[in-house]
Amino acid sequence: MVRVNCDYIPAWPFVYYKTKENYREVSTILHILWPFFVWTEKAGTKLLALFYILFRLTYKEKDERQFIDFLWPIIHIEYNSEEFRFGIRPLLWIISGKGKFKLSIAGIINIFSKDDGEDVWVTIAPFIWYRYYRGDVFWTIFPILWVTKKNDRWTYLLLPVGLLKYQEGSGFTLNIALIINVMSYDGDLFSFMILPFFIYHNRIGKRLRINVALLFYFSKSSNFKRFVIFPFLWSSWSTNNTTFNFVPIVLYMKRSSNVFLSICFFYYYRKISNYFKLHFIPLALFYKSSGSSKFLNIALLYTFKGDESKWWHIILPIFWYRIKRGSSFFVHVWPLIGYRRSWKQNGHSIYFIYPLVQFNNYNNGDWVYNHFLYRFIHYYRNKESGRLRYGFFPLFAYSNSSIYNKGHILLYMWYFKKIQASMKKIKMKEIEISSPTSNGLINIPSSSSSSSNNNQDITNFNLEEKPSDNLEIIPQPSINTIDLEKPSDNLEITSSNSIYLEKDSDLIQTEMKTIGGDDNDAITTNNTINNDNNNKEEEEEEEKKSNNEETITEYSLIFRALLPLAFYTNSGTNSKFFLIPLFIMKWSLVDIDSYFISPIYYHRKLGNYLKRFILPIFYQKHTEDKDIILSPIYYYYRNLSNSFRLIAPIFIDVHKGETHLMILVLPMYIYYRKSIFKFQTIFPFFFRTQDASKNELFTYYFPFYGKSYRGSKVNRYFLFPIFRIKLGKDESKLFSVDFLFPLFHYESNGTDNSHSIRLLPFFWKSKNDYNEMLLIMPFFWRFVTDKDTRPQRNTLVLPFYYFRDSAEYMFTFASPAFLPPYYIHYHREASNVENRYLFPFYSHQIKGLDHLKWFCWFLYRHTYRDFSENFTMNILLFFKHNSEKYSITGLAPLWVYWNDKVQNSKHVRIALLLAYDRITSTLKDLTRISIVWFVTTHLTLFCHKKVVKRSISKTQSIAESIDQMVLNESRPADKEVDVSTIQKLDIISDTKKIYLFPLFHMKSETITDYSHFALLWFFKPFISFFYKSKQSTENLWYIFMLIYYKFDVSATTCAIIWFFHPLVSCFLYEISPFSSIIRMFPIFWYHSIPDSSKPVEIDTTPPHSRKRSSTRVTVSSMALSILYIVPNFGLFNLRKSSYKLSVYFLPLFYYLHSKLDGGIKIFSLFWFVSPIVSLFNYNRVGKVIKHRFVPLYYRITNNDTQECQSAYRSVFSFIWLAHPKVAFFRYDRHHDGKSIVCLFPLFWRKKDTTDYHLSILFIVRKFGFIDYWSSSDDFKRFYILLLYFFKRENEKKLVSFIYLFHPKAAFILSKFTPDYSKIFVFLILYFRNSIKNGSILSILWIAHPKVAFISYWSKNQYSHFHIFLFLWLSKIEEYVQFGLLWIGATKKSLYHSSHVNQGIPENEKTHHIRKPISLFLAYNDGENKTVHLMPFFRYWSIESTGLERFWAFLGMVYFSARNSNSQFRFFYRWIRVKTGASLFIFEFNPFFAYKKKNESSTVLILGGMCGCYTSMCRVCCIEC
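Numbering of residues begins from 1 in every chain and follows the order in which that chain's sequence is written. In view of the model being predicted, local features appear only for residues whose pLDDT reaches at least 70, and side-chain atom pairs are presented and counted only at 80 or more, with totals across whole chains, interfaces and linings using the full set of residues. As a rule here, side-chain values come from all non-hydrogen atoms in the structure, and water together with hydrogens is ignored.

A.B. asks: Residues and numbers for the overall build of the protein, please.
C.D. replies: Runs of H or I in DSSP of at least four residues are treated as helices and runs of E of at least two as strands, each being numbered from the N terminus. The number of helices and strands found in the protein is 2 helices and 138 strands. With a 1.4 Å probe rolled over the protein chains alone, any residue whose accessible area is under 20% of its type maximum counts as buried; one over 50% counts as exposed, and the rest are partly exposed. In the protein, which comprises 1520 residues, the proportion classed as buried is 32%. For the protein, restricting intrachain contacts to residue pairs at least 6 apart in sequence, the fraction spanning at least 24 positions comes to 16%. Carbon together with sulfur atoms contributes 63% to the accessible area of the protein, which is approximately 90100 Å² in total. The contact criterion used throughout is that any non-hydrogen atoms of two residues lie within 4.5 Å. Residue burial considers only the protein chains on display, and all accessible areas are found by Shrake-Rupley using a 1.4 Å probe.

A.B. asks: Please provide a residue-by-residue account of the packing of aromatic side chains, values included.
C.D. replies: What counts as a ring pair is set by centres within 6.5 Å for rings of Phe, Tyr and Trp (its six-membered ring), and what kind of pair is set by the plane angle: stacked under 30 degrees, edge-to-face over 60, tilted for all other angles. This structure, assessed with the given rule, holds 72 aromatic pairs. Between F280 and F1166, the aromatic rings sit 6.3 Å apart at their centres with planes inclined by 90 degrees, giving edge-to-face as the arrangement. Here the residue F280 occupies a position in strand β31 (residues 275–280), and F1166 occupies one in strand β108 (residues 1160–1168), the gap between them amounting to 886 residues. Taking 5.1 Å as the distance between ring centres and 75 degrees as the angle between the ring planes, the aromatic pair formed by W1269 and F1275 counts as edge-to-face. Judged by its relative accessible area of 22%, W1269 falls in the partly exposed class. Exposure remark for F1275: the relative accessible area of 13% places this residue in the buried category. By definition here, charges over rings are those cases where NZ of Lys or CZ of Arg is within 6 Å of the ring centre and within 35 degrees of the ring normal. Geometry around F112 places K102 over its ring, the cationic atom sitting 6.0 Å from the centre.

A.B. asks: Pulling in residues and values, what's your account of the confidence of the model for the protein?
C.D. replies: The quantity known as pLDDT measures the predictor's confidence residue by residue, on a range of 0 to 100. Of the residues in the protein, 84% have a pLDDT of 70 or more, and the chain-wide mean is 80. Mean pLDDT values over the elements of the protein span from 34, in strand β50 (residues 510–514), up to 94, in strand β95 (residues 1000–1005). Counting interchain partners and residues more than four positions distant, the pLDDT-below-50 stretch residues 1093–1098 has 7 contacts.

A.B. asks: Talk me through unusual backbone geometry; I want residue IDs and the actual numbers.
C.D. replies: The phi torsion of most residues other than glycine is negative, and most of the peptide bonds are trans. Residues R89 and P90 are joined by a peptide bond in cis, for which omega reads -5 degrees. By the secondary structure assignment, P90 is in the loop between β9 (83–88) and β10 (92–97). Not every positive phi belongs to a glycine, and N1356 is a case in point at roughly 55 degrees. As for its position among the elements, N1356 is in the loop between β125 (1344–1355) and β126 (1358–1363). Residue classification places N1356 among the partly exposed positions, given a relative accessible area of 42%.

A.B. asks: Hey, could you go over the nonpolar core for me, with residue numbers and the actual values?
C.D. replies: Here the nonpolar core consists of buried residues drawn from Ala, Val, Leu, Ile, Met, Phe, Trp, Tyr and Cys, with membership extended through side-chain atoms lying within 4.5 Å. Membership of the largest hydrophobic core comes to 32 residues, with the highest contact counts inside it found for F1265, L1281, Y1299, W1341, I1372 and I1409. Put simply, the parts of the chain that give this core at least two residues each are β120 (1292–1300), β121 (1302–1313), β124 (1334–1342), β125 and β129 (1408–1420). For I1409, the contacting residues outside a window of four places in its chain are Y1358, I1372, Q1377, T1386, K1387, K1388, L1390, Y1419 and D1421. By size, the runner-up hydrophobic cluster in this structure holds 15 residues, among which are C943, Y995, L1036 and W1058.

A.B. asks: Pulling in residues and values, what's your account of the pattern of salt bridges?
C.D. replies: The term salt bridge refers to a pairing of a side-chain nitrogen on Lys or Arg with a carboxyl oxygen on Asp or Glu at a separation within 4 Å. Counted by the stated rule, this structure contains 26 salt bridges. Two residues, R65 and E78, come together in a salt bridge whose shortest N-O distance is 2.6 Å. Separated by 13 residues along the polypeptide, R65 in strand β7 (residues 65–70) and E78 in strand β8 (residues 75–79) bring together distant segments of the chain. In this pair, the class of R65 matches that of E78, namely buried. Residue R65 is classed as buried on the basis of its relative accessible area, which comes to 13%. Overlapping salt bridges, with partners in common, bring together D63, R65, E78, E83, R85 and K100 in one network.

A.B. asks: Account for the pairing of strand β138 (residues 1496–1501), naming residues and giving values.
C.D. replies: One ladder, built from 6 bridges, connects strand β137 (residues 1488–1493) with β138; its direction is antiparallel. Directly across from K1493, in β138, lies its bridge partner S1496. The criterion for strand pairing is that DSSP finds at least two bridges linking the strands in question. Between β137 and the antiparallel strand that follows it, β138, lie 2 residues; N1494 among them carries a positive phi value of about 55 degrees.

A.B. asks: Explain the pairing of β108 to me, using residue names and the numbers behind them.
C.D. replies: Both strand β107 (residues 1149–1154) and β108 contribute to a ladder of 6 bridges, which runs antiparallel. Among the inter-strand pairings, F1149 is bridged to a residue of β108, identified as L1165. In this structure, β108 lies alongside strand β109 (residues 1170–1181), joined through 8 bridges in antiparallel fashion. By the bridge assignment, I1160 is partnered in β109 with V1181. Here β108 hands over to β109 after 1 residue, with V1169 in that stretch at a positive phi of 65 degrees.

See the structure below:
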């Protein structure tokens, strides 16, 4: 390559010179024998370098700064008139200048000073930090000691011992271990705390606060005092306010004249200026407010509430009576009957079994609503709004109003119409007015008298609606303005001729009233007619109205449906039609808005928007700013000014803004333009680029000549290298020639007669004994491989033909320039597979005896098998299938018929309309017809099903029955089995079922005598309005939620007003031989069980004629509950049996007496849920007696004799909470000598025969501020919480000072065992000696003792010592690892090392050691050896592989050796020598290269950088 330029000498690396000048600067580069001498000058900076990094001298003219570097960037000197800098990276850095000084040694020791010593930093990382700033001081031994001085105030923090803040003449604050805190300041404040046990805080002369263990609290100020014993006593008193609360006995508060008193939470008394309340739970509640409002409740049975205008009377939840003076009253006997009368609304309401039956009549009959079973049978009418609704769900429903009509039949046929506008045309003299009810604009012209001087007065209706609703009338002399703000029923004409509409729920009805003559015409409404008009005037108005009005109704929405097949909707001018599953469509008669959706075709049009596709061959989308067309060979896209067009596979055209790209027969011709930049090519012979903004032009004629222009500069390019020849030994007769590499190449070998010819880019031929290749590019390609076995041939003729012949298969592809149709042939003889395609029109696929043919994909498809009658065929939606098991015919998705030849069954389905099934076999006959079915034949409107099942008679042998069944099964499928030929089959089931959803459901079973009948059923027949079933031993019938009756041989059940189950009912009567229940919820519940020892007469007469037994039985137990929710749990309850009696009245008292367990008696007062949860309780079980009065007193005594004292226990608790163990004072003594005495929270003592435990200032037992515990098992423990801890157990000792949460988390800790010793001062000193884990000593450690400033540890044969970031020394056996100035370490594995861990037990082996990352390193583990001083030199070796490597000065000098091979490099690849047993390489790049390998040699002149040693070119490779 040759470049012509007067300011550019590219004879690198001998001489390289380049100068560049522009309006801003002049730059110069000069290299002589690079990197021996380098000179650069740019932007006032001059650089002189010898060997590039060995010595560098730099000068910056801008600030007259001089730089001197040795082994750049390690040794650096920098100075000018104001500052001096010296550094040996990364060891030392010194900066000295005006008023500042900086010294850093390896980043560990740092001294920074500025502002002439007013700001000083001293650090010995990471532990010692010192800062002085203008008199303020901060220093720390991280993270233990922190000292600060600011504004003459000193702060000392020693973690975790304590904190001291001190200021001379002011005071101090002392905190020890976050527990003991003392504060004293100038005689105004004194505070002493032992948290959380004691707090004393005194602001002298202002306020005193004392808190003991968060339980006792006392505070005092000038006029207020408070005393608290938590949580029982809370008292405070001041001048006008008093509070005394002794929970839960007494609560008393007085605020001026307001008083509140509560006794045991049962008695409440409250009085304020205008309110009085008295409550004795649960017997009575009475309160009276400032007015005449009163409320009274007596034992939850009777309630009165009222004032001067209304009052209530309620007895239980059953009887309700309310009267509102002059308005209404109602009476309610829940839930049977209720009556309400309203004089204000002129009507009444009557209901039975609310909310099942209800009758409502108001506004003198204008508003009527009646229903039975809520909305199932209902009638509703509202004359004011014009609404009418009635129905018999789910048979039919109808609803009509002024805005819609709707209805349905059997939930399948639906009808809905929404009224858009109701218009009345009013005919008058020469005037016709249309008055719409919806929003619009109405112009009403009217006449005025002649005396008005023909003043125009036009009436305008301004309604926000479509313009089509506006009425335009020819103007008349008089114009009135009508402002319609809201639609309404009422039209009111005011003096300003303004009409105001209030509602939009109903139609606007107007009346025109004409007064004779041209001078008196007026418009009035129905609501402005006075009630006192006589009947004659009303009749005249109605006659005129009938002559002058005509009503026109328009609908905004129409909906019709036949579920689930067809739907039709119409909304204004838009219509939709659904026919599931064939298509969905929408159209509009006015707007351009339509769509059509089907399985293969889609169409959508909305204004200028159009989208359609035909699967899978066509897609189109069009909008105002976008177009898309997609087909197999053509694609078009447009978006505003951007477009893309593709004609596969020959043409591409892209426009995007100022960018234009065109490709013709990719990649032969490409044209690209963007603004003023252009590119074009005729690949691969011609390339041209032009950039007018840079005044550049480049033209290249591959591969011979290129020329570029940039302004006035011209560069030319020529082919390189030009010629190369290679000769082999005489035996090989190898001859190779390259000319204008890589365009022309010839190579031949006489030993195997192989040759290769290459003339790029047109011709390439290669041939040998195994492979053959011929390329005439780009049209003809031929490859032959495996010529010595079964040749594989591949032939490609672009763009028409491809053929492959291999041992596995044959493949042929042909097409007219890659355009459809495509011919494809595939044949695999081994698997007998052959496929032919004329895509996308025809296909024939063969695999063995199976065939598949299709035309146009889904138009026709046929699958069959040779020598068989089985096939599958479809023509569009018609399909047919035949196999050994099935015969199927159908037209998807409308109908299908299939015959199961094995099961002898026939089935027909007609698109959700009809389903027919018939199964005939020896043991089962089934016939089923379903009409209007969905998803499954069980989910249908009408169904008729008959099933007959048979079994082999016991008198017939099994062998005979099997022979008979085989004979019938072997008959042809189209002939039915004659069941009568089987003489010995018994019918075991004969079932008939018929239903019409949801009207009725009938089922009968002849053999079991079972039948049922249901009316108005849903999902299951027993979920119905009426249900009746009959069996041989049981009769059942019920009317849903009204009455239930069941009778069988064991019991009789009758329920009235029941909910989903007869047990959930208002009235229940149930009797059986074992028990009887009578109840009326929620008034009473009675249950009795007869004595099992007495005989009971059992009647065996038939069920329909059963008589009741007259034998009297004695009652063994009975239970009675009055006013109950759950049986046996009522307001009053009585249970009595032969051995137990219990009676209670909730929540006043509870009494129980039982003869079991030696006798049990329980008596409670004011109890809830359980008698134990009570204010007072007496409990005696045997000789053990418990007295309890919450929360004052708890006592357990035992009256056993001295001989029965094995379980003796005496307990006494005073002021207890939830449990007697949680008490203010507690005494507990057991028979075995164990005793507990505690006075909360002062002390807790436990003593028995072996242990003694004492806690002082405790919150939880066995855990106090001071705690002592001793045991006879050589165990002792003593601690002062968070300050001191001592524990001795057997031969183990633990002592801690200043600990947190756990004694092991302490500031000072010592632990001793027979084989383990440990002493540490947190973060300062750590010592551990263990027989198992070795020894360790650390000074200034963090988190882990091995992470320390100075650390030593040893274990087994490995030992280690380091000074953080400075020294690293470790040893394993005789191998040493040494490092200086280290920053980290890596893990090295010794698992497979043969030099260490030899003859050592597995549990004592060392498997990993650490290798420091340091500036200087001497590392040896037996297998690997490394010595380096970064970045000057590095040497390493691996003994197992014999590898040795050495480099110096960042690799400028490099040497490696491995076995007999060695390599030397100087300045990376500039000079390279490589030797081996049969290899010698010498390179002086890029001028000369010589290689000799196995007596074959190669010499390259000016080509060594590309490394072309063989016929296959490897451009610019690094390794040979």
